[in-house]
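Breakdown of the fold
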Amino acid sequence: MKKQSSVIIGFLLVLIIVVFAVLNNRNVPVNFGIASFSAPLILVIIGSAIIGALIVFVTASTTLWQQKKQIKQLKQELSDYQENLDKKIAEAKEEQQRTFRNERAELEAAYQAELQATKKQLQQAQSSTSDTQKISAKQSYNYFD
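Note that the structure is a prediction, hence the values are computed from the model and not measured.

**As for the overall build of the chain**
- A count of helices and strands for the chain gives 2 helices and 2 strands.
- In the chain, the succession of helices and strands from N to C terminus is α-β-β-α.
- When the 145 residues of the chain are sorted by exposure, 3% land in the buried category.

**Looking at the UniProt feature "transmembrane region" (unreviewed entry) in the chain**
- In this numbering, the UniProt entry assigns the feature "transmembrane region" (unreviewed entry) to residues 7-25 and 37-65.
- End C-alpha atoms of residues 7-25 are separated by 27 Å, and the span's content is 89% helix alongside 0% strand.
- End C-alpha atoms of residues 37-65 are separated by 38 Å, and the span's content is 86% helix alongside 14% strand.

**Examining the pairing of strand S2 (residues 36-40)**
- For strand S1 (residues 27-31) and S2, the ladder comprises 5 bridges, and the chain directions are antiparallel. In the sheet register, Pro29 faces S2, and the bridge partner there is Ser38.
- From the end of S1 to the start of S2, which pair antiparallel, there are 4 residues, and Gly33 there has a positive phi angle of about 95°.

**Things to note about the pattern of salt bridges**
- Counted under the stated rule, the structure contains 4 salt bridges.
- Overlapping salt bridges bring together Glu94, Glu95 and Arg98 as one network.

Rules used in this analysis
Residues numbered from 1 in each chain as written. Predicted model: local features only at pLDDT ≥ 70, side-chain atom pairs only at ≥ 80, totals over all residues. Heavy atoms only, no water. Helix = DSSP H or I, 4+ residues; strand = E, 2+ residues; numbered from the N terminus. Buried < 20%, exposed > 50% of the residue type's maximum accessible area, 1.4 Å probe, protein only. UniProt positions renumbered as here; feature names shortened; annotations may be inferred. Pairing = 2+ DSSP bridges. Salt bridge = Lys/Arg side-chain N within 4 Å of Asp/Glu carboxyl O.

Shown next as structure tokens:
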């Protein structure tokens, strides 16, 4: 819609210039400072309009070219930042996994140590119970003698 309206406005401006040029068809002197000549006003108006359009086109093209260059640079920076962010995320993830594995290994080692200590206590308890049973058994023999 925006392009259609700009085309319509451009067409209307060209139409106004053409009508204005046709209404003014007398010969006029044109002075460039160095040289001067006489030309029909219609050619001077149309020539001036074309030169003005070329100036606008060159100016707009230069601005557009600079904007495209800046967009390309910003896209490159964005991709660099995204790549850097991905690397940082991967490093942080790896560090977190390493920390998790270390904590898990420490917990497993503590669990194994606790398990060994419990087994020793159980063995000591069983050996003391068997000693107590042996002593009880020996004492019971003493009672029957």
